[in-house]
Amino acid sequence: MRFLHTSDWHLGRSFHRVGMLGAQADFIGHLVSTVREREVDAVVVSGDVYDRAVPPLSAVELFDDALHRLADLGVPTVMISGNHDSARRLGVGAGLMGRAGIHLRTEPSACGTPVLLSDAHGDVAFYGLPYLEPALVRDEFGVERAGHETVLAAAMDRVRADLAARPAGTRSVVLAHAFVTGGEPSDSERDIAVGGVASVPAAVFDGVDYVALGHLHGCQTLTDRVRYSGSPLPYSFSEAGHRKSMWLVDLDADGSVTAERVDCPVPRPLARIRGTLEELLADPALAPHQEAWVEATLTDPVRPADPMARLAERFPHTLALVFDPDRPPDAPDVSYARRLAGRDDQQIAEDFVAHVRGAVPDAHERTVLRDAFDAVRADEAQREVAR
């Protein structure tokens, strides 16, 4: 069976105030063409179809167009909700859509109920594990301590139990939206850390033939059987080094996997350039970036006049301007943002406590802070579900 693994469409998202709907429509066209030309048997979409719980109408219309075009090809599509999606909204009409070959898996309770597709060698069971917010699904899976690893492990227990009851030789594919250990994040994914731990080990998914991951925006191979497709378009300058693509996966009769990257059309390359304003305006080596979307970091010791306007004369698609003067790291005027770079909420809070009272938090106090952050995250997730 040949299937196409993609994820993280983020329909409705912009890139530094530049609308991406046209580029997203081009990607959908490319997806449909690939399905047709490469004789794909199924499409899997591993979450974050939309960029937010209540997407704009234009994004919903594009999604509707994508589903109609895939259904017209007669190629089954299996799709899960991600942490950016409203699972309840995305899942509306799932039963009816399933009759047209569009299988939406947004309910945690259905993790162990696969979409069964067949080829000349028998059945392939596609298990959809939507994004599982630990605080919201702990009761469903009967876990005492809510955490990403515990709830995903419980969901995979259901998958393996169902698979064990099926005829010998049944092959299996799991769709999941999670941060798996070894994956390389970028700046454009929403933080999903719970209890100070965001990642789960790849071994959680043992026992299936292929794991189609979503959430991280870079295309990555964690093992031959566990892969991220990445987002089809860039959504932050941290993705400047990404090659945007999908995985074309062949699942053989014995469950062995062969995967090929299929490149996605990107409207413009990304470039991150750094130096003084005069250096950036004069350096001939930067000529290839003149038509790219540019993030410019200025290292001038004093902020120059009209930097954006002057940069735009050479780099008309400059979208982001960062000031990072070349100064010693212990200089008194180093910005607050620079001092906090790379530190998560927990670390910042612990540093604040240490600064105010002159002593670092003890183990109990760190647990209190962590539980407070987890409670806020759970509350935000519940609010999105209720919207």
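One can find the structure itself at the top, above this paragraph.
Per chain, residue numbering runs from 1 following the sequence as it is written. Owing to the predicted nature of the model, reporting of local features is limited to residues with pLDDT of at least 70; listing and counting of side-chain atom pairs is limited to 80 or more, with chain, interface and lining totals taken over all residues. For the side-chain quantities, the full set of heavy atoms in the structure was used; hydrogens and water were omitted.

Caption draft 1: Local environment of the sheet that holds strand E18 (residues 293-298). Pairing within the open sheet is parallel, and its three strands lie in the order E17-E18-E19. The open sheet has two free edges, formed respectively by strand E17 (270-275) and strand E19 (318-323), since each of these has just one partner strand. Taking each pair of neighbouring strands and ignoring which way they run, the sheet shows an average axis angle of 15°. For two strands to pair, DSSP has to find at least two bridges joining them. The secondary structure listing takes helices from DSSP runs of H or I that are at least 4 residues long and strands from runs of E that are at least 2 residues long, numbered from the N terminus. When E17 meets E18, the two strands line up parallel, connected through six bridges. Each bridged residue has a counterpart across the sheet, and for Ala271 the counterpart in E18 is Val294. Every residue pair with non-hydrogen atoms within 4.5 Å of one another is taken to be in contact. Note on geometry: axes are lines fitted to C-alpha atoms, helical ones only across the stretch in contact, with angles between N-to-C directions running from 0 to 180 degrees. The strands touched by helix H8 (residues 307-314) within the sheet are E18 and E19, with E19 carrying the most contacts at an inclination of about 135°.

Caption draft 2: Summary view of the sheet that holds strand E1 (residues 2-6). Strand order in the open sheet formed by six strands is E6-E5-E4-E1-E15-E16, with mixed pairing between adjacent strands. The open sheet is flanked by strand E6 (102-105) and strand E16 (257-263), the only strands paired with a single partner. Between one strand and the next, the sheet's axes are offset by a mean angle of 20°, whatever the strand orientation. In this structure, strand E5 (residues 77-80) lies alongside E6, joined through four bridges in parallel fashion. The residue bridging Thr77 from the neighbouring strand is Ile102, located in E6.

Caption draft 3: Quick peek at the environment of Leu233. Looking at where Leu233 falls in the secondary structure, it is placed in the loop between strand E14 (226-228) and strand E15 (245-251). When sequence neighbours within four positions are dropped, the list of residues in contact with Leu233 reads Met20, Ala23, Gln24, Glu239, Lys244, Pro265, Val266 and Pro267.

Caption draft 4: Structural view of the nonpolar core. For this analysis, a nonpolar core means a set of buried residues of the types Ala, Val, Leu, Ile, Met, Phe, Trp, Tyr and Cys, connected via side-chain atoms within 4.5 Å. Note on exposure labels: buried denotes an accessible area under 20% of the residue type's maximum, exposed denotes more than 50%, and partly exposed covers the range between, all computed with a 1.4 Å probe on protein chains only. Core analysis: the biggest nonpolar cluster contains 31 residues, and Leu129, Phe141, Leu152, Met156, Val174, Phe205 and Leu213 have the highest contact counts within it. If you list the elements that add at least two residues to this core, you get strand E8 (122-129), helix H5 (134-141), helix H6 (148-164), strand E9 (171-177), strand E10 (179-180), strand E12 (210-214) and E14. If you tally residues by element for this core, the top one is H6, at seven residues. Residues contacting Phe141, with those up to four places away along its chain left out, are Pro108, Cys111, Leu132, Val151, Ala154, Ala155 and Arg158.

Caption draft 5: Structural view of the side chain of Asn83. Secondary-structure assignment places Asn83 in the loop between E5 and helix H3 (87-90). In this structure the side chain of Asn83 is engaged in a polar contact, spanning 3.4 Å, whose partner is the side chain of His215. Any pair of nitrogen or oxygen atoms within 3.5 Å is treated as a polar contact; in protein, a donor-acceptor pairing is required on top of that, and neighbouring residues in sequence qualify only through side-chain atoms on both sides.

Caption draft 6: Spotlight on unusual backbone geometry. Despite not being glycine, His10 has its phi angle at roughly 55°, a positive value. Mapped onto the elements of the fold, His10 is located in the loop between E1 and strand E2 (14-15). Since its relative accessible area comes to 0%, His10 is described here as buried. The backbone of His215 shows a phi angle near 125°, a positive value even though the residue is not glycine. Here His215 falls in the buried class, since its relative accessible area comes to 3%.

Caption draft 7: The arrangement of the packing of aromatic side chains in detail. For Phe, Tyr and Trp, where Trp contributes only its six-membered ring, two rings pair if their centres lie within 6.5 Å, and the inter-plane angle classes them as stacked under 30 degrees, edge-to-face over 60, or tilted in between. Across all of its chains, the model carries six aromatic pairs by this definition. Their ring planes at 70° and their centres at 5.4 Å tell us that Phe3 and Tyr210 sit as a pair that is edge-to-face. On the criterion of sequence distance, the pair formed by Phe3 in strand E1 and Tyr210 in strand E12 is long-range, its members being 207 residues apart. Residue classification places Phe3 among the buried residues on the basis of a relative accessible area of 0%. Since its relative accessible area comes to 0%, Tyr210 is described here as buried. With a centroid separation of 5.8 Å and an interplanar angle of 70°, the aromatic rings of Trp9 and Phe27 are classed as edge-to-face. With Trp9 in the loop between E1 and E2 and Phe27 in helix H1 (residues 21-37), this pair connects stretches of sequence that are 18 residues apart. Classification of Trp9 by relative accessible area gives buried; the value is 2%. What links up through ring pairs into an aromatic cluster is the set Phe3, Phe126 and Tyr210.

Caption draft 8: Focus on the packing of H1 against helix H2 (residues 57-73). Where H1 meets H2, the axes come as close as 10 Å, and the angle between the chain directions of the two elements is 10°. Comparing their axes, H2 and H1 come out roughly parallel. Along the contact surface, H1 presents Leu21, Gln24, Ala25, Ile28, Gly29, Val32, Val35 and Arg36, while H2 presents Ser58, Ala59, Leu62, Ala66, Arg69, Leu70 and Leu73. Throughout this entry, Asp, Glu, Lys and Arg are counted as charged residues, while Ala, Val, Leu, Ile, Met, Phe, Trp, Tyr, Cys and Pro are counted as nonpolar. The remaining residues, Gly among them, count as polar. When grouped by side-chain class, the residues that make up the contact of H1 with H2 number 10 nonpolar, three polar and two charged. Any angle from 65 to 115 degrees is called roughly perpendicular, while one under 35 is roughly parallel, one over 145 is roughly antiparallel, and all others are oblique.

Caption draft 9: Main features of H5. Within H5, the full set of buried residues consists of Pro134, Val137 and Phe141. All buried residues of H5 lie within an arc of 85° about the axis, which places them on one face of the element. Check the buried side of H5 and you find it contacts H6. Of the residues one or two after H5, Gly142 is the one with positive phi, at around 65°. Within this analysis, the arc is defined by the directions that extend from the helix axis to the C-beta atoms.

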